[in-house]
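In case you want the letters, here they are:
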Amino acid sequence: MAESLYIEPVSGQTYPLSLPRWCSSDRKPLMITPQPGMTRDDIDHTERSQWRYRASLPLDITHPISMGEGCTPLIQKAWGDHRPYFKLEWFNPTSSFKDRGTTVMLSVLRQQGIESVLEDSSGNGGASVSAYGAAGNMRVKILAPSFASPAKIAQMRAYGAEVQLVDGPRQECENEAVRQSSKIFYTSHNWQPFFLEGTKAIGYEIWEDLNFRVPDNIVMPVGAGSNVLGCFLSFSELLRAGQIKKLPKLFVCQPLNCSPIDAHFHAGYTALVQRAVRPTISEGTAISSPLRLREVINAVRSSGGSTVALEEQAIINALKRSARQGLLPEFTSATAVAGFERLIATGAIRASEETVVILTGTGIKNAGAIAELFS
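Thresholds applied
- Residues numbered from 1 in each chain as written.
- Predicted model: local features only at pLDDT ≥ 70, side-chain atom pairs only at ≥ 80, totals over all residues.
- Heavy atoms only, no water.
- Axes fitted to C-alpha atoms, helices over the stretch in contact; angles between N-to-C directions.
- Helix = DSSP H or I, 4+ residues; strand = E, 2+ residues; numbered from the N terminus.
- Parallel < 35°, antiparallel > 145°, perpendicular 65-115°, else oblique.
- Contact = heavy atoms within 4.5 Å.
- Nonpolar A, V, L, I, M, F, W, Y, C, P; charged D, E, K, R; others polar.
- Pairing = 2+ DSSP bridges.
- Right-handed = clockwise from strand over helix to strand, strands pointing away.
- Disulfide = S-S within 2.5 Å.
- Expected span 1.5 Å × (residues − 1).
- Buried < 20%, exposed > 50% of the residue type's maximum accessible area, 1.4 Å probe, protein only.
- Core = buried A, V, L, I, M, F, W, Y, C linked by side-chain atoms within 4.5 Å.
- Left-handed = near helix turned anticlockwise from the far one by under 90°.
- Phe/Tyr/Trp six-rings, centres within 6.5 Å; stacked < 30°, edge-to-face > 60°.
- Lys NZ or Arg CZ within 6 Å of the ring centre and 35° of its normal.

### Overview of the packing of helix H10 (residues 312–323) against helix H12 (residues 367–374)
Next, step 1: Contact geometry of H10 with H12 gives a least axis separation of 12 Å together with a crossing angle of 85 degrees. When the interaxial angle is binned, H10 and H12 end up roughly perpendicular. Between H10 and H12, the residues in contact are Ile 316, Leu 319 and Lys 320 and Ile 370, Leu 373 and Phe 374, respectively.
Next, step 2: When grouped by side-chain class, the residues that make up the contact of H10 with H12 number 5 nonpolar, no polar and 1 charged.

Here it is in structure tokens:
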């Protein structure tokens, strides 16, 4: 097996994994060279967490910071003529899918000698890094937009993180984090390639959940695209390892009010596409300039999937319908439910197909807004 390296996808420049990095020398986002994948025989059945798939990782992590993340429920529901599966990622320790990436990212950085980290986040990512930093005895500073959910900010502070609120759009948090990165190691879940190595566990888990089958479709809410890339990495690895015969179609769901991936996907990504950005209830996807936009679009195209942009009312209606099925996602996750319904309506997803809808976070985190909705 070839040595695993950091790689800048456009130039092909590589760097050793032995030293911590969050970007290339010319400040471009990095990936990790393709991994060979693992087989069902490589699963560590003694591990009741996503670390059961540690054989898929590019580094041997001897003492992971783990709180039992992963192994989240996959439940099937009747949805008209369809029988989709819902992957309930709010059963992770901090109630969102971000824990999958954080456990690997911070475990690697701690093993590399990093003791203090800086993150920029609108909520779930910051809460996750705060929690795992506390569990790993690491100092954490979070830069969050001033409009972020008070409940999510309280969650970060409860874990002991220093939180600085930043005025302006979500992008300004990242800009400020880059400015501060000379003083504290920048461990953005959007920049750090090891976050993607953790996120890809969801693909391995869906594969095992379905008795080592690949679903026809995976529908998910998307902001920066880590779940898209995580699923694409894991299923590509399973394909290389001879464990599956096809990739699932990956479907990206975004609010129309902030939908750069949808805009560029349908334009063919031949040039920068301008689409108006407005406030959205799907705050977790409100990223106007995704760092890995090209890679996300390539993953969706390679899988045969597509993208969809949803109006605010469609997202609200999807949350209400989900709640009446016993599932209460946050508005960000309800975007995936609305997208699933739109994809059914357009014929992109058929009742005869096996579909997984990823619900990334719990409605408890939007409790105030949901209380107003139902008052």
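Past the structure itself, the notes keep going.
### Some remarks on the pairing of strand E8 (residues 162–166)
Next, step 1: Pairing geometry for strand E7 (residues 139–145) and E8, over 5 bridges, is parallel. If you follow Lys 141 over to E8, its bridge partner there is Glu 162.
Next, step 2: One crossover worth recording links E7 to the parallel E8 by way of helix H3 (residues 150–158), and it is right-handed.

### Considering the sheet that holds strand E6 (residues 116–120)
Where strands meet in a sheet, backbone hydrogen bonds hold them as pairs that are either parallel or antiparallel.
Next, step 1: An order of E8-E7-E6-E9 is seen for the 4 strands of this open sheet, with the pairing classed as parallel. The open sheet has two edge strands, E8 and strand E9 (185–186), and neither has a second partner.
Next, step 2: Across the sheet, helix H2 (residues 124–135) lies against E6 and E7, angled at about 170 degrees from E7, the strand it touches most.
Next, step 3: Contacts from helix H4 (residues 170–180) reach E6, E7, E8 and E9, with the element oriented near 145 degrees to E7.

### With respect to the sheet that holds strand E2 (residues 14–16)
Next, step 1: Reading across the sheet, the 3 strands line up as E2-E1-E3 and stay open at both edges, with antiparallel pairing between neighbours. Two strands in the sheet have a free side with no partner beyond their single neighbour: E2 and strand E3 (31–32).
Next, step 2: Where strand E1 (residues 5–7) and E2 come together, 3 bridges link them in antiparallel fashion. Along E2, the bridge assignment pairs Leu 5 with Pro 16.

### A look at the state of the cysteines
Next, step 1: If you walk through the whole model with that rule in mind, you get 0 disulfides.
Next, step 2: There is no disulfide at Cys 173, and the cysteine sulfur nearest it, in Cys 258, is 14 Å away.

### What about helix H11 (residues 331–346)?
Next, step 1: Here H11 contains 16 residues, and its C-alpha end-to-end distance of 22 Å stays within 8% of the 22 Å for a straight helix at 1.5 Å per residue.
Next, step 2: For H11, the complete set of buried residues consists of Phe 331, Thr 332, Ser 333, Ala 334, Thr 335, Ala 336, Val 337, Ala 338, Gly 339, Phe 340 and Leu 343.
Next, step 3: Gly 347 sits one or two positions beyond H11 and adopts a positive phi of about 85 degrees.

### Structural notes on unusual backbone geometry
Next, step 1: For Cys 71, which is not glycine, the phi dihedral falls at a positive 55 degrees.
Next, step 2: Structurally, the position occupied by Cys 71 is in the loop between E3 and strand E4 (74–76).
Next, step 3: One non-glycine residue, Ser 95, lies in the positive phi region at around 70 degrees.

### A word on the pairing of E7
Next, step 1: For E7, the tally of buried residues reaches 6 of 7 residues, placing the bulk of the element in the interior.
Next, step 2: As paired strands, E6 and E7 are joined by 5 bridges and run parallel to one another. Bridge pairing in E7 links Ser 116 to Arg 139.
Next, step 3: In terms of handedness, the path from E6 via H2 over to E7 forms a crossover that is right-handed.

### A look at the nonpolar core
Next, step 1: By size, the foremost hydrophobic cluster in this structure holds 37 residues, and its most contacted members are Trp 207, Ile 218, Met 220, Val 228, Cys 231, Phe 235 and Val 356.
Next, step 2: Elements with a contribution of two residues or more to this core: helix H6 (201–209), strand E10 (217–221), helix H7 (226–240), strand E11 (249–255), helix H8 (260–267), helix H9 (293–303) and strand E13 (355–359).
Next, step 3: For this core, the element with the most residues is H7, which contributes 6 residues.
Next, step 4: For Met 220, the contacting residues outside a window of four places in its chain are Asn 227, Val 228, Cys 231, Leu 250, Phe 251, Val 252, Cys 253, Ala 336 and Ile 358.
Next, step 5: Grouped together as the second largest cluster of nonpolar side chains are 32 residues, Ala 127, Met 138, Ala 161 and Phe 185 included.

### Section: the environment of Leu 239
Next, step 1: By the secondary structure assignment, Leu 239 is in helix H7.
Next, step 2: Residues in contact with Leu 239, not counting those within four places in the same chain, are Ile 244, Lys 245, Lys 246 and Leu 247.

### Details of the packing of H6 against H7
A pair of packed helices can be characterised by two numbers: the angle between their axes and the separation between those axes.
Next, step 1: Running from N to C, H6 and H7 point in directions that differ by 55 degrees, and their axes come no closer than 7 Å. Here H6 is positioned oblique relative to H7, judged by the angle of their axes. Viewed along their axes, H6 and H7 form a crossing whose handedness is right-handed. Taken together, the residues of H7 that come into contact with H6 (itself represented by Ile 202, Gly 203, Tyr 204, Ile 206 and Trp 207) are Asn 227, Cys 231, Ser 234, Phe 235, Glu 237 and Leu 238.
Next, step 2: For the contact of H6 with H7, the class distribution of residues is 7 nonpolar, 3 polar and 1 charged.

### Focus: the packing of aromatic side chains
Next, step 1: In the structure shown here, the tally under the stated rule is 7 aromatic pairs.
Next, step 2: Measuring from centroid to centroid gives 4.8 Å for Trp 22 and Tyr 186, while their planes differ by 75 degrees, and the two rings are edge-to-face. Residue Trp 22 is located in the loop between E2 and E3, and its partner Tyr 186 is located in strand E9; the two are separated by 164 residues in the primary sequence. For the pair Trp 22 and Tyr 186, a shared accessibility class is recorded, and that class is buried.
Next, step 3: Centre to centre, the rings of Trp 207 and Phe 212 are 4.8 Å apart; their planes meet at 75 degrees, and the pair counts as edge-to-face.
Next, step 4: The positively charged end of Arg 21 is found above the aromatic ring belonging to Tyr 15, 3.9 Å away from the centroid.
Next, step 5: The ring centre of Phe 265 lies 4.2 Å from the NZ or CZ of Arg 301, which sits over that ring.

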